[in-house]
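Listed below, chain by chain, are the residues.
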Amino acid sequence: MAEAAESPGDPRTTSPRPLMRDLKAVGKKFMHVLYPRKSNTLLRDWDLWGPLVLCVTLALMLQRGSADNENDGGPQFAEVFVIIWFGAVTITLNSKLLGGNISFFQSLCVLGYCILPLTVALLVCRLVLLAKPGPINFIVRLFVVIVMFAWSIVASTAFLADSQPPNRKALAIYPVFLFYFVISWMILTFAP
Amino acid sequence: MAAADELAFHEFEEATNLLAETPNVTTVSRSDQRPPEGHVAVAVDPGGSYGAEDEVESDKTALLQEQQQQPGFWTFSYYQSFFDVDTSQVLDRIKGSLLPRPGHSFVRHHLRNRPDLYGPFWICATLAFVLAITGNLTVVLAQRTDPSIHYSPQFHKVTVAGITIYCYAWLVPLALWAFLQWRKGVRERMGPYTFLETVCFYGYSLFIFIPTVVLWLIPVPWLQWLFGALALALSAAGLVFTLWPIVREDTRLVASVLLSAVVLLHALLAMGCKPLPLEHMAPTHQNTPPHPHGVLTPTPPRPTTA
């Protein structure tokens, strides 16, 4: 179908209720991230609901209680939120400046959805932290975070790499690596 | 079968120097004098201008005019011209900054009139994050030996480190460029560097601090000083060799003051990043860990125990 690159979603779906249609679209994209293979669905039908939900979840789980000392803090909600969106915007700008042919919102959509593995890692880490602290605890968390980090990178690369000219792919992928590395670090060093 | 090496593009030394002296010139190849293959040169009288040859000429003039018109700074393509680099070029520039050679200016030999902003921007970003992360790691490693230390991510130090590094990477080149422009009248031979070229070589010179900051995790003081001195020497040498062709035609006083100011500022940045020796830190209570990395990152608190 010949729809514009920027249109969010297929308007000709047969589902009568827009909410169910949107939720299905978001769920479909989550599946695409978890099992990344070459497909244009994420790029064509971009939406920002999924990234928003993931970002809010991540920020809520990463913030520390307010009883702690001010300077003694992990990231606050606003800090995580700003880092994720500011980071995603910067990577998108970088990609476009290097000559990529992906649109602004498509790139934000991909980067946001590919945070899903890291959100899962944070959930697992919080569960593991309920157990007895110790080196095994740390090793398990480290392993989970590393695996999910690699998964995020692979998923986002599968979608983003094709939009860059071949001699600049590494230049466009490196900021994505840095972005997910920083988020992984925040997850790994989280201590309730 | 020609070796791949022979087929690679080799820049000539004299072309580089000629380019240095007249940065705005465009090179014209000899084949431009004849009409290219496939075009018929129709002889026309001086008055008329319908010939294919004239068409070719007017096409070329239009193209040259297009190239000379820079897009305005409000257009996206203006900024795109600063990111017009390939992976191999960025890697080559990083290598050039790691291994400075006397007589080889980074700007002339690696930038070749095509400065980019990709390198400086992402090198500064990486350095800021690496500083924050190694600061965190220092606390974690210290906690393993002394469990009474209260661990905290100290997240806002990332913003402090980031702002400091970006300010250094933009304001110092700005000051340097402004100063060199002011002294422009003294120099006859070499044109000064543009602002972007200055920002570019400053940004690339910060690259060596990234592995150095990681190596500073090793808690052996003399090794830390050694790494710091090595990194500072390489980085400052790169800056000095790049600036030398510009300042050597100035008076000796101005040249030496300028070069020492550049090296001193660079040394201050290095000191700001380096972890302080642990004996100099005051014992701390659990809630307020002091600064481990000078001012830029958190330090492991070390309570005094007998």
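Residues numbered from 1 in each chain as written. Chains lettered and ligands numbered in written order. Predicted model: local features only at pLDDT ≥ 70, side-chain atom pairs only at ≥ 80, totals over all residues. Heavy atoms only, no water.

Our next topic: the overall build of chain A. In terms of helices and strands, chain A carries eight helices and zero strands. Starting at the N terminus, the α and β elements of chain A follow one another as α-α-α-α-α-α-α-α. The burial tally for chain A puts 47% of its 192 residues in the buried class. Put simply, 73% of the contacts in chain A that link residues at least 6 apart link residues at least 24 apart. Looking at chain A as shown, the accessible area adds up to about 9600 Å², and 71% of this sits on carbon and sulfur atoms. (Helix = DSSP H or I, 4+ residues; strand = E, 2+ residues; numbered from the N terminus. Buried < 20%, exposed > 50% of the residue type's maximum accessible area, 1.4 Å probe, protein only. Contact = heavy atoms within 4.5 Å. Areas by Shrake-Rupley, 256 points an atom, 1.4 Å probe, with all protein chains shown as cover.)

Turning our attention to helix α3 (residues 49-62) of chain A. Residues and elements named next belong to chain A. Taking 1.5 Å as the rise per residue, α3 with 14 residues should run 20 Å; its terminal C-alpha atoms sit 20 Å apart, in good agreement. Taken together, the buried positions of α3 are G50, P51, L54, C55, L58, A59, M61 and L62. Buried residues in α3, looked at end-on, bunch into an arc of 170°, giving them a common side. Contact partners of the buried residues in α3: α1 (18-34), α4 (77-97), α5 (104-113), α6 (116-129) and α8 (169-188). (Expected span 1.5 Å × (residues − 1). Arc of directions from axis to C-beta.)

Looking now at the UniProt feature "transmembrane region" (unreviewed entry) in chain A. Residue and element names in this part refer to chain A. Per the UniProt annotation, the sites labelled "transmembrane region" (unreviewed entry) are residues 48-65, 77-98, 104-131, 138-160 and 172-191. The straight-line gap between the two end C-alpha atoms of residues 138-160 is 32 Å; of that span, 100% is helix and 0% is strand. From the first C-alpha to the last, residues 172-191 spans 32 Å; its make-up is 85% helix and 0% strand. (UniProt positions renumbered as here; feature names shortened; annotations may be inferred.)

Quick look at helix α7 (residues 135-160) of chain A now. Here α7 of chain A is 26 residues long and its end C-alpha atoms lie 37 Å apart, about the 38 Å a rise of 1.5 Å per residue gives. Taken together, the buried positions of α7 of chain A are occupied by N137, R141, V144, V145, M148, F149, S152, I153, A155, S156, F159 and L160 of chain A.

Attention shifts here to the environment of P166 of chain A. Residue and element names in this part refer to chain A. Tracing the chain through its elements places P166 in the loop between α7 and α8. Owing to a relative accessible area of 70%, P166 belongs among the exposed residues under this scheme. Here the alpha-carbon distance between P166 and W46, two residues 120 residues apart in the chain, equals 24 Å.

All names here are of chain B. Taken as a whole, chain B shows an average pLDDT of 71; of its residues, 61% reach a score of 70 or greater. The lowest-confidence element of chain B is helix α3 (residues 52-68), averaging 52 in pLDDT; the highest-confidence one is helix α10 (residues 209-215), averaging 91. Contacts of residues 31-52 to residues separated by more than four positions or lying in other chains number 16 contacts, the stretch itself having pLDDT below 50. Reported confidence for the predicted complex is 0.81 by ipTM and 0.74 by pTM. (pLDDT = per-residue confidence, 0-100.)

Once that is clear, we can look at the side chain of S156 of chain A. Among the secondary structure elements, S156 of chain A is positioned in helix α7. Filtering out sequence-adjacent residues up to four positions away, S156 of chain A remains in contact with V110, C114, V176 and Y180 of chain A.

Before going further, it helps to examine the packing of helix α11 (residues 221-247) of chain B against helix α12 (residues 252-273) of chain B. Residue and element names in this part refer to chain B. Interhelical geometry of α11 versus α12 gives an angle of 150° and a closest axis separation of 10 Å. By the angle class used here, α11 and α12 are roughly antiparallel. The way α11 lies across α12 gives a crossing that is right-handed. Touching W225, L232, S235, A236, L239, V240, L243, W244 and V247 of α11 are A255, L258, L259, V262, V263, H266, A267, A270 and M271, all from α12. Of the residues assigned to the contact of α11 with α12, the class counts are 16 nonpolar, two polar and no charged. (Axes fitted to C-alpha atoms, helices over the stretch in contact; angles between N-to-C directions. Parallel < 35°, antiparallel > 145°, perpendicular 65-115°, else oblique. Left-handed = near helix turned anticlockwise from the far one by under 90°. Nonpolar A, V, L, I, M, F, W, Y, C, P; charged D, E, K, R; others polar.)

Okay, the pattern of salt bridges next. A pair can form between side chains of opposite charge whenever their charged atoms are brought close. Taken as a whole and judged by the stated rule, the model has six salt bridges over all chains. Among the salt bridges present, the one from R168 of chain A reaches D86 of chain B, with a minimum N-O distance of 3.1 Å. Remark: D86 of chain B occurs in the loop between α4 (76-80) and α5 (87-98) and R168 of chain A occurs in the loop between α7 and α8; the pair is interchain, linking two chains. Overall, R168 of chain A belongs to the buried group, its relative accessible area being 12%. (Salt bridge = Lys/Arg side-chain N within 4 Å of Asp/Glu carboxyl O.)

Right, let's get into the packing of aromatic side chains. Inspection of every chain in the model, using the stated rule, returns 21 aromatic pairs over all chains. Plain terms: the ring middles of F179 of chain A and Y180 of chain A are 5.3 Å apart, the flat faces sit at 50° to each other, and that makes the pair tilted. The residues F179 of chain A and Y180 of chain A share a single accessibility class, namely buried. Relative to Y118 of chain B, the ring of F83 of chain B has its centre 6.5 Å away and its plane inclined at 90°; by these criteria the two rings are edge-to-face. (Phe/Tyr/Trp six-rings, centres within 6.5 Å; stacked < 30°, edge-to-face > 60°.)

Residue and element names in this part refer to chain A. Close contact between α3 and α5 brings their axes to 8 Å; oriented N to C, the two are set at 40°. The angle between α3 and α5 places the two elements in the oblique class. Handedness of the crossing formed by α3 with α5: left-handed. Of the residues in α5, those touching α3 at G50, P51 and L54 are L108, C109, G112 and Y113. For the contact of α3 with α5, the residue count by class is five nonpolar, two polar and no charged.

A few words now on the confidence of the model for chain A. Detailed reading of the predicted model is not advised wherever pLDDT is low. Put simply, chain A has an average pLDDT of 81, and 82% of its residues get 70 or more. Within the model, the stretch residues 1-7 of chain A combines pLDDT values under 50 with 16 contacts to residues more than four positions away or in other chains.

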